[in-house]
Amino acid sequence: MRKGFTLAEVLVTLGIIGIVAAMTLPALVAKHQQNVLYSQFKKSYGIFQTAINTVNSENGIAYECYAARYISNQWDARTSQCEDFWTNLLSKYKILKECGYHQSGCKGSGILPAYKTKSQVLASGGKTNEAYPACNFPMSEYTGYYLSDGSLLYVYNYPSYTGNSITFALDVNGKKGPNKWGYDLFYLTLYKKSAKSMTLGLTGICELIEKDGYTAEEMMLK
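Scoring rules and cut-offs
Residues numbered from 1 in each chain as written. Predicted model: local features only at pLDDT ≥ 70, side-chain atom pairs only at ≥ 80, totals over all residues. Heavy atoms only, no water. Helix = DSSP H or I, 4+ residues; strand = E, 2+ residues; numbered from the N terminus. Buried < 20%, exposed > 50% of the residue type's maximum accessible area, 1.4 Å probe, protein only. Contact = heavy atoms within 4.5 Å. pLDDT = per-residue confidence, 0-100. Phe/Tyr/Trp six-rings, centres within 6.5 Å; stacked < 30°, edge-to-face > 60°. Disulfide = S-S within 2.5 Å. Salt bridge = Lys/Arg side-chain N within 4 Å of Asp/Glu carboxyl O. 1 Å grid on protein atoms, 1.4 Å probe; cavity = no way out; pocket = protein on both sides within 12 Å on 5 of 7 lines; lining within 4 Å. Points joined across faces, edges and corners; volume = space filled by probe spheres on them. Nonpolar A, V, L, I, M, F, W, Y, C, P; charged D, E, K, R; others polar.

A. Highlighting the overall build of the chain. When you go through the chain residue by residue, the secondary structure sums to 4 helices and 10 strands. Ordered by position from the N terminus, the helices and strands of the chain form the series α-β-β-α-β-α-β-β-β-β-β-β-β-α. Taking all 222 residues of the chain together, the buried fraction comes to 41%. Residue pairs at least 24 apart in sequence account for 61% of intrachain contacts in the chain once pairs closer than 6 positions are excluded.

B. Structural context of the confidence of the model for the chain. Summary statistics for the chain give a mean pLDDT of 79 and a share of 69% for residues scoring 70 or more. Per-element confidence in the chain is highest for helix 2 (residues 82-90), whose mean pLDDT is 91, and lowest for strand 9 (residues 197-201), whose mean pLDDT is 67.

C. Inspection of the environment of Lys-94 at higher detail. Note on placement: Lys-94 falls in the loop between helix 2 and strand 3 (95-100). When the C-alpha atoms of Lys-94 and Tyr-145 are compared, they prove to be 9.6 Å apart, with 51 residues separating the residues in sequence. The contact partners of Lys-94, leaving out residues within four places of it in the chain, are Tyr-146, Leu-147 and Ser-148.

D. Representation of the packing of aromatic side chains within the structure. This structure, assessed with the given rule, holds 13 aromatic pairs. Residues Tyr-142 and Tyr-187 carry aromatic rings whose centres are separated by 5.8 Å and whose planes lie at 70° to one another, so their mutual orientation is edge-to-face. Of this pair, Tyr-142 sits in strand 5 (residues 142-147) while Tyr-187 sits in strand 8 (residues 185-194); the two residues are 45 residues apart in sequence, bridging distant segments of the chain. According to the relative accessible area criterion, Tyr-142 is buried, its value standing at 2%. Each member of the aromatic cluster is reached from another via a ring pair, and the members are Phe-48, Tyr-63, Phe-85, Trp-86, Tyr-93 and Phe-168.

E. Focus on the state of the cysteines. On inspection of all chains with the given rule, the structure shows 1 disulfide. Between the sulfur atoms of Cys-65 and its disulfide partner Cys-82 the distance amounts to 2.2 Å. As the torsion about the S-S bond is roughly 95°, the Cys-65-Cys-82 disulfide counts as right-handed. Within this pair, whereas Cys-65 is found in the loop between helix 1 (7-59) and strand 1 (66-69), its partner Cys-82 is found in helix 2, the two being separated by 17 residues in sequence. Residue Cys-82 is classed as buried on the basis of its relative accessible area, which comes to 0%.

F. Spotlight on the pattern of salt bridges. The tally for this structure, following the rule as stated, stands at 3 salt bridges. Residues Arg-78 and Glu-64 are paired through a salt bridge, measuring 3.5 Å at the closest nitrogen-oxygen approach. Taken together, the residues Arg-78 in strand 2 (residues 75-78) and Glu-64 in the loop between helix 1 and strand 1 connect sequence positions 14 residues apart. Overall, the relative accessible area of 33% leaves Arg-78 in the partly exposed class. According to the relative accessible area criterion, Glu-64 is partly exposed, its value standing at 22%. Glu-210 serves as the salt-bridge partner of Lys-116, at 3.8 Å between the closest nitrogen and oxygen. Of the two residues, Lys-116 sits in the loop between strand 3 and helix 3 (118-123) while Glu-210 sits in the loop between strand 10 (208-209) and helix 4 (216-221), which places them 94 residues apart along the sequence. With relative accessibility at 36%, the residue Lys-116 sits in the partly exposed group. Under the relative-accessibility criterion, Glu-210 is labelled buried at 5%.

G. Broad picture of empty space enclosed by the protein. According to the stated counting rule, one finds 1 cavity of 30 Å³ or more in the structure shown. Put simply, the largest cavity is a space of about 50 Å³. Lining the largest cavity are Gly-182, Leu-185, Phe-186, Tyr-187, Glu-207, Leu-208, Ile-209, Tyr-214, Thr-215 and Ala-216. Elements with a minimum of two residues in the lining of the largest cavity: strand 8 and strand 10. If you tally residues by element for the lining of the largest cavity, the top one is strand 8, at 3 residues. Of the residues in the lining of the largest cavity, the class split is 7 nonpolar, 2 polar and 1 charged.

Written out as structure tokens, the structure reads:
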């Protein structure tokens, strides 16, 4: 005589499977989403570094728009050619839309994502770069450029340049979530390695990282 499962046994088994799935599925989804962000960050970084190499090669030498670290962890900023640098670099991208936080109708209109301020990040358990705890992050002074690769580039005070134009922000997946510092949004720095070599620094002069987020350097190593 063949023995089968009773309806009660089947229901109990299905219930256990459902409980296990409910417990593990969110973690699996979160892990997948994080892996996607890792890949997007590396892709955006590579595209940007290629653009840097191209414009500097065309110029014959690195534009004077970078930071260089010297003795005692001090930074030397060069910004005299930032306007030329950013104008030429942006010309290498296909820009789908341009919008500044300071421009009427941009911030809060759905055109640009909403991000936490420095005070909000710190209040919710986030942090800034420990070496530069006084760094400010005035997104109202950035212009956003939606790029054809899906990323969103923020350039400081473009086309009005100050010393902070050596730093910029990059949201690797544009308006898609989570729109959080250290997840899909990062501050990065133009950094000079040698007389003819400028790189996209992974350890910024300023960094803002929300709770459980990562630095740009950590994202690259994932």
